[in-house]
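One-letter residues, chain by chain:
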Amino acid sequence: MGDSISSLPDEILGKLLSLVPTKVAASTSVLSKRWRNLLSLVDSLSFDESMVVYPNEEEATIGSQRFCDFVDKTLALLHNSPAIKTFSLYRVAKTMSYNDESARLNRWIWTAMEQGLLELPLYAPASRSTVNIEPRVLRSNTLVKLTISGHYDIDVDSDGEDSDDEDIDESLDVFFPALKSLSLMVALDIESYPRIIHACPVLEELTIRNGGYFENACQTVRFQAPSLVYLDYSSFVFRKYDVGDLDSLVEARLSLKLWRSTSHYDYDDDYYYDYNGSLCDDDDPSPPIFGDVTCLVAAIRNITTLHLSPDSLEVSPSSIHL
């Protein structure tokens, strides 16, 4: 019996190779002449360094460089591909300096974006340093879904972003006119979130985790996403929320937490603690339990499904009516 799979049309084989890990797809090129050039038809790339198993400690130490070489060679083979729909990257940085690591990852992302990329999931677990995302990869006319999680640093240009104009300035660093799904599971400066969201005019799904640093606790968080239908927001509560039109929102998941729990106020009225957990002098007033989510809750009045964490009820039980 002949090889029935090899007899399939090139386009079908390309679709099949797009469904398996990229390392597996690349390895098929050595099977025979029939498979040698099929990698150029792959439209979904998945590079996951966490799945790499090394035979010994020495190999594991230099393995990161070998992983980089594999990604470089694979992308070089795909330079004539008609399109790359998905580029997924799980990167465990081990051997490279901060600048070299960031430059290499940005080059990979940019190469995929030049191929009309639709989906971009990025994950960088804890390592020696974060990876800086360059402004050039924060602009795409084709990207529909973007997920950034782990130790990534996004430097967003603030020029002109504080304007209330509905029109988006296309000269800004961030511009995703086709993006419908955005997941930011990284610790960014609180001012970066509204600038990124503002640059996504047709955004329908938004997930924010670890939304902001403690130093930003007294600032105002802004949400301006009129096309949003799904919101998943998990963060410590901030001083105030400035929320625009969310009338299209259908489902919301809120996990809000006080910087210091109200339980700290139940032990003894004679002792108070500041927000760093240090005991205050007897004459010092108790620090306020600050944070007002009234505007955020009021803006999701048209939703049909609401998911609340237990901590969210501690934040503002009186403002949430089920």
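Residues numbered from 1 in each chain as written. Predicted model: local features only at pLDDT ≥ 70, side-chain atom pairs only at ≥ 80, totals over all residues. Heavy atoms only, no water.

Concerning the overall build of the chain
- A tally of helices and strands in the chain yields 7 helices and 13 strands.
- Across the 322 residues in the chain, those meeting the buried criterion constitute 41%.
- For the chain, the proportion of contacts with a sequence separation of at least 24, taken over those separated by at least 6, is 64%. (Helix = DSSP H or I, 4+ residues; strand = E, 2+ residues; numbered from the N terminus. Buried < 20%, exposed > 50% of the residue type's maximum accessible area, 1.4 Å probe, protein only. Contact = heavy atoms within 4.5 Å.)

A closer look at the confidence of the model for the chain
- When pLDDT is averaged along the chain, the result is 75; 61% of the residues meet or exceed 70.
- The model gives residues 160-165 a pLDDT under 50, and that stretch makes 9 contacts with residues more than four places away or in other chains.
- This model gives residues 264-277 a pLDDT under 50, and the stretch forms 29 contacts once residues within four places in sequence are excluded. (pLDDT = per-residue confidence, 0-100.)

Some words on the packing of aromatic side chains
- On inspection of all chains with the given rule, the structure shows 6 aromatic pairs.
- Taking the centre distance of 5.8 Å and the plane angle of 55° together, the rings of F47 and F87 count as tilted. One end of the pair, F47, is in strand 1 (residues 44-48); the other, F87, is in strand 2 (residues 86-90), with 40 residues separating them in the sequence. Across this residue pair, the class does not change: F47 and F87 are buried.
- The interplanar angle of 50° and the centroid separation of 4.7 Å between the aromatic rings of Y90 and Y123 together place this pair among those described as tilted. Remark: Y123 occurs in strand 3 (residues 119-124) and Y90 occurs in strand 2; sequence separation between them is 33 residues.
- You can call Y123 partly exposed: its relative accessible area is 30%. (Phe/Tyr/Trp six-rings, centres within 6.5 Å; stacked < 30°, edge-to-face > 60°.)

Some points on the side chain of T86
- Within the secondary structure layout, T86 lies in strand 2.
- A relative accessible area of 17% places T86 in the buried class.
- Contacts of T86, omitting those with residues within four sequence positions, involve D43, S44, L45, L117, E119 and P121.

Some words on the side chain of S149
- Tracing the backbone shows S149 in strand 5 (residues 145-150).
- Judged by its relative accessible area of 11%, S149 is buried.
- If we skip the residues at most four places from it in the chain, S149 touches L122, Y123, A124, M185 and V186.

Observations regarding the nonpolar core
- Membership of the largest hydrophobic core comes to 68 residues, with the highest contact counts inside it found for F87, Y152, F223, Y233 and Y241.
- At 5 residues, helix 4 (residues 98-113) tops the list of elements feeding residues into this core.
- Among residues more than four places away in sequence, those in contact with F223 are I197, L206, I208, L231, Y233, Y241, D242, V243, G244 and L296. (Core = buried A, V, L, I, M, F, W, Y, C linked by side-chain atoms within 4.5 Å.)

Here we look at the pattern of salt bridges
- The final tally for this structure, using the stated rule, is 8 salt bridges.
- The salt bridge involving E101 is made with R91; its shortest N-O contact spans 2.9 Å. With E101 in helix 4 and R91 in the loop between strand 2 and helix 4, the pair connects residues that are 10 residues apart, well separated along the chain.
- Among the residues examined, E101 registers a relative accessible area of 4% and is labelled buried. (Salt bridge = Lys/Arg side-chain N within 4 Å of Asp/Glu carboxyl O.)

Some points on the sheet that holds strand 2
- Pairing is parallel in the open sheet, where 9 strands are placed in the order 1-2-3-5-7-8-10-12-13. Each end of this open sheet is capped by a strand with a single partner; those strands are strand 1 and strand 13 (305-308). Direction aside, the axes of adjacent strands within the sheet are offset by 5° on average.
- Note: strand 1 against strand 2, 5 bridges, orientation parallel. Bridged to S46 within strand 2 is S88. (Pairing = 2+ DSSP bridges. Axes fitted to C-alpha atoms, helices over the stretch in contact; angles between N-to-C directions.)

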